[in-house]
Amino acid sequence: MTKKHISRSLERHVMAPRSHTWEVLLREMEAAVGPYHVEGDPAPHGAGAVLHLTLDPQKPPLVETVLSFEPPWRRAYKVEGDTGLDMYHGTFLIRDDGSECHLIWGVVVDPDPSPEGLEFLELATTVISGFLDHVAASSELDRSN
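Parameters and conventions
Residues numbered from 1 in each chain as written. Predicted model: local features only at pLDDT ≥ 70, side-chain atom pairs only at ≥ 80, totals over all residues. Heavy atoms only, no water. Salt bridge = Lys/Arg side-chain N within 4 Å of Asp/Glu carboxyl O. Helix = DSSP H or I, 4+ residues; strand = E, 2+ residues; numbered from the N terminus. Buried < 20%, exposed > 50% of the residue type's maximum accessible area, 1.4 Å probe, protein only. Pairing = 2+ DSSP bridges.

1. Considerations on the pattern of salt bridges
Here is step 1 of the chain: Evaluation of the coordinates by the stated rule reveals 8 salt bridges.
Here is step 2 of the chain: With a shortest N-O distance of 2.8 Å, Lys3 and Asp112 are connected by a salt bridge. Linking Lys3 in the segment before β1 (6-14) with Asp112 in the loop between β6 (100-109) and α2 (115-144), this pair joins segments that are 109 residues apart in sequence. Like Asp112, Lys3 is exposed.
Here is step 3 of the chain: We note a salt bridge from Arg75 to Glu64, for which the minimum N-O separation is 2.7 Å. Linking Arg75 in strand β4 (residues 74-80) with Glu64 in strand β3 (residues 62-70), this pair joins segments that are 11 residues apart in sequence. Here Arg75 matches Glu64 in class, with each residue buried.

2. Brief notes about the pairing of β4
Here is step 1 of the chain: Taken together, the 7 bridges between β3 and β4 define a ladder with antiparallel strand orientation. What sits directly across from Glu70, in β4, is Arg74.
Here is step 2 of the chain: The hairpin turn running from β3 into β4, its antiparallel successor, is 3 residues long.

So, in structure tokens, the structure goes:
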């Protein structure tokens with residue numbers, strides 16, 4: 001019997017064009033976690049880029065590696081480290097809607113995560129929800145200036 005992976009997704013409607021929102025997404029991502037430890041192809045955000053995510057200063061950072069980078073609409077990544085999960089693959093998508101867009105995040109994790117893995121998934125979903133709100137608001141504010 002095949003087990004189904006667990007997934008979560010979030011979406012925000014943004015009153016700004018996709019290309020602008022894409023630039024804000026990348027800028028705010030780096031602002032939130034610091035510069036890339038390894039630049040990707042194309043530099044700095046592309047495939048192979050590595051960010052370190054520090055959730056607890058007492059623990060080693062989580063490592064986020066960009067798997068796919070397709071401006072201005074898709075950035076896929078994996079997170080490795082002490083998450084309680086064997087697999088965490090996330091994607092940011094921006095769907096074009098003319099002068100507006102939709103910012104979407106999705107994640108897929110283990111089929112049978114540990115309690116620690118489920119706790120991390122809920123934390124990640126909460127953090128990303130706030131991040132999407134911030135990117136949407138920043139995109140709309142930047143656009144009006």
